[in-house]
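# Structure at a glance
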Amino acid sequence: MSRRSLTLAIAGLATVVAIAVAVLLPVPYVILGPGPTLNTLGELKGQPLITVTGHRTYPTNGHLNMVTVSYEGGPGTNMNIFQALRAWLDPSEAVVPESELFPAGQSAQQTQAQDTAEMAGSQQLATAAALSTLHIPYKTQVGVVSTVSGYPASKVLRVGDVIEAVNGKPVTGQTSLSSAITAHPAGTVLTLTVLRAGKTLTLPVASKVSGGTPVIGVEVQEEYTFPFTVKITVGNIGGPSAGMMFALGIIDKLTPLDLTGGKFIAGTGEITASGQVQPIGGIQQKMVAARAAGATIFLTPAGNCSDTAGAVPAGLRLVKVSTLAQAISDLEAIKAGKSVPSC
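Described below are features of the structure shown in this document. Not measured: the values here are computed from a predicted model. (Residues numbered from 1 in each chain as written. Predicted model: local features only at pLDDT ≥ 70, side-chain atom pairs only at ≥ 80, totals over all residues. Heavy atoms only, no water.)

## As for the side chain of Asn304
Structurally, the position occupied by Asn304 is in the loop between β19 (297-301) and β20 (317-321). Residue Asn304 is classed as buried on the basis of its relative accessible area, which comes to 2%. Reaching out from Asn304, the side chain makes a polar contact with the backbone nitrogen of Ile280 at a distance of 2.9 Å. Aside from chain neighbours lying at most four places away, what touches Asn304 is Pro279, Ile280 and Ile283. (Helix = DSSP H or I, 4+ residues; strand = E, 2+ residues; numbered from the N terminus. Buried < 20%, exposed > 50% of the residue type's maximum accessible area, 1.4 Å probe, protein only. Polar contact = N/O pair within 3.5 Å; in protein donor to acceptor, adjacent residues only side chain to side chain. Contact = heavy atoms within 4.5 Å.)

## Section: the layout of surface pockets
Considered as a void within the structure, the second largest pocket measures approximately 510 Å³ in volume. Put simply, the parts of the chain that give the lining of the second largest pocket at least two residues each are α3 (108-133), β14 (218-225) and β17 (270-271). The leading source of residues in the lining of the second largest pocket is β14, at six residues. Here the residues of the lining of the second largest pocket sort into eight nonpolar, eight polar and four charged. (1 Å grid on protein atoms, 1.4 Å probe; cavity = no way out; pocket = protein on both sides within 12 Å on 5 of 7 lines; lining within 4 Å. Points joined across faces, edges and corners; volume = space filled by probe spheres on them. Nonpolar A, V, L, I, M, F, W, Y, C, P; charged D, E, K, R; others polar.)

## Overview of the packing of aromatic side chains
Tallied over the full model, the rule gives three aromatic pairs. Relative to Tyr224, the ring of Tyr138 lies with its centre 5.8 Å away and its plane at 75°, an arrangement referred to as edge-to-face. Of the two residues, Tyr138 is situated in the loop between α3 and β7 (139-147) and Tyr224 in strand β14; the sequence distance between them amounts to 86 residues. Exposure remark for Tyr138: the relative accessible area of 22% places this residue in the partly exposed category. One aromatic cluster is present, built from ring pairs that chain together Tyr138, Tyr224 and Phe226. For the cation-ring pair, Lys208 lies above Tyr151, with the distance from its terminal atom to the ring centre recorded as 4.5 Å. (Phe/Tyr/Trp six-rings, centres within 6.5 Å; stacked < 30°, edge-to-face > 60°. Lys NZ or Arg CZ within 6 Å of the ring centre and 35° of its normal.)

## Things to note about the sheet that holds strand β1 (residues 29-39)
The sheet built from six strands is open, its strands ordered β6-β1-β5-β16-β19-β20 with mixed pairing. What marks the edges here is a single partner per strand, and that holds for β6 (94-97) and β20. Strand-to-strand twist in this sheet, taken as the mean axis angle between neighbours without regard to direction, amounts to 35°. Bridging between β19 and β20 involves five bridges; their strand directions are parallel. (Pairing = 2+ DSSP bridges. Axes fitted to C-alpha atoms, helices over the stretch in contact; angles between N-to-C directions.)

## Things to note about the pattern of salt bridges
Counting across every chain of the model gives two salt bridges. For Asp161, the salt bridge goes to Arg196, with nearest N and O atoms at 2.8 Å. Note that Asp161 is positioned in the loop between β7 and β8 (162-166) and Arg196 in strand β10 (residues 189-196), a separation of 35 residues in sequence. Judged by its relative accessible area of 1%, Asp161 falls in the buried class. (Salt bridge = Lys/Arg side-chain N within 4 Å of Asp/Glu carboxyl O.)

## Comments concerning unusual backbone geometry
Look at Lys45: it is not a glycine, yet its phi comes out positive at around 55°. Looking at where Lys45 falls in the secondary structure, it is placed in the loop between β2 (43-44) and β3 (47-48). For Asp258, which is not glycine, the phi torsion reads 55° and is therefore positive. Along the chain, the position of Asp258 falls in the loop between α5 (243-254) and β16 (264-267).

## Quick word on helix α7 (residues 324-335)
The end-to-end C-alpha distance of α7 is 17 Å, a good match for the 16 Å that twelve residues give at a rise of 1.5 Å each. Positioned one or two residues after α7, Gly337 has a phi angle of 80°, which is positive. (Expected span 1.5 Å × (residues − 1).)

## Structural notes on α5
If you check α5, its first and last C-alpha atoms are 17 Å apart, about what twelve residues at 1.5 Å a residue would give, namely 16 Å. The buried fraction of α5 is high, at twelve of twelve residues. For α5, the set of buried residues is Gly243, Met244, Met245, Phe246, Ala247, Leu248, Gly249, Ile250, Ile251, Asp252, Lys253 and Leu254.

## A few points about the pairing of strand β11 (residues 199-206)
In the sheet, β10 pairs with β11 via eight bridges, with the strands oriented antiparallel. Each bridged residue has a counterpart across the sheet, and for Thr193 the counterpart in β11 is Thr202.

## Topic: the packing of α5 against α7
Packing of α5 against α7 leaves a shortest axis separation of 11 Å and a crossing angle of 60°. Classed by the angle they form, the pair α5 and α7 counts as oblique. Seen from above, α5 lies across α7 with right-handed handedness. Facing α5, whose interface residues are Met244, Ala247, Leu248 and Ile251, α7 presents Leu324, Ala327, Ile328 and Leu331. For the contact of α5 with α7, a count of residues per class yields eight nonpolar, no polar and no charged. (Parallel < 35°, antiparallel > 145°, perpendicular 65-115°, else oblique. Left-handed = near helix turned anticlockwise from the far one by under 90°.)

And the structure:
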């Protein structure tokens, strides 16, 4: 074999080996793409997405669609560099580091469980936000999720405890609990009224300074008791980003407002109990999913507006929202043919 032929053969073999390695060697990235979109005013497998029991409801029409992001890759998968490059060239997809979706040491199953828990939480927050906006009273409790080792609460409080008052002042949410603790210098012994297994206890807990702020070392979560039942069914979809659209769907069912005016509206945004709309991830893929489903108006968290630049699908009008109340007033303005803020 001539030297030229040998060189070509070696180069060819090296190319084959390089391609094989590129195909077989997984890369630590995840591909994000447009996911399913569901009408919160509609049905899923013959069942309403939102069912209200124990309160008057009104007929609805049009679409208030929640949108999602699908992903390819993650722990235990074998996505290769060619798949990542293909997605990188597709304007409807994004390639992000695996760590953005899967924290180190966390399996796909653990991430799914976390997403499911976040979805359940977003449904509770959406109901709370809707009722708050409609001035329908409900009860808020502050439950103990965990305590921090080395801090006073770890020796006194237990997971599942409900903190009802501090120094006799009722605790109505996380903010009021924090305010009651920080109102006194670090080292102050506070008297907590706690509901534990159906019994009311009075427990002394000292505060301790952390980062310049008095704390007792407890992680809490708000729990809500509503005057009627709101059930939301979305199958195996997870995550917190559908909160605003759930809240709008609940309000549309509880009032004669007719928020859509018969239009196809989609949107996204995490919601707080007080109705603040917070930014989410995957906004570009969600816009693509919304437009593909037929949406012409997309409710966009104000915090995501910068992420939409140059990526808005043709025929989709963005409406910038910061609160649930603003989203409602914007939808009313759109029905009346008035202008609304846009990204």
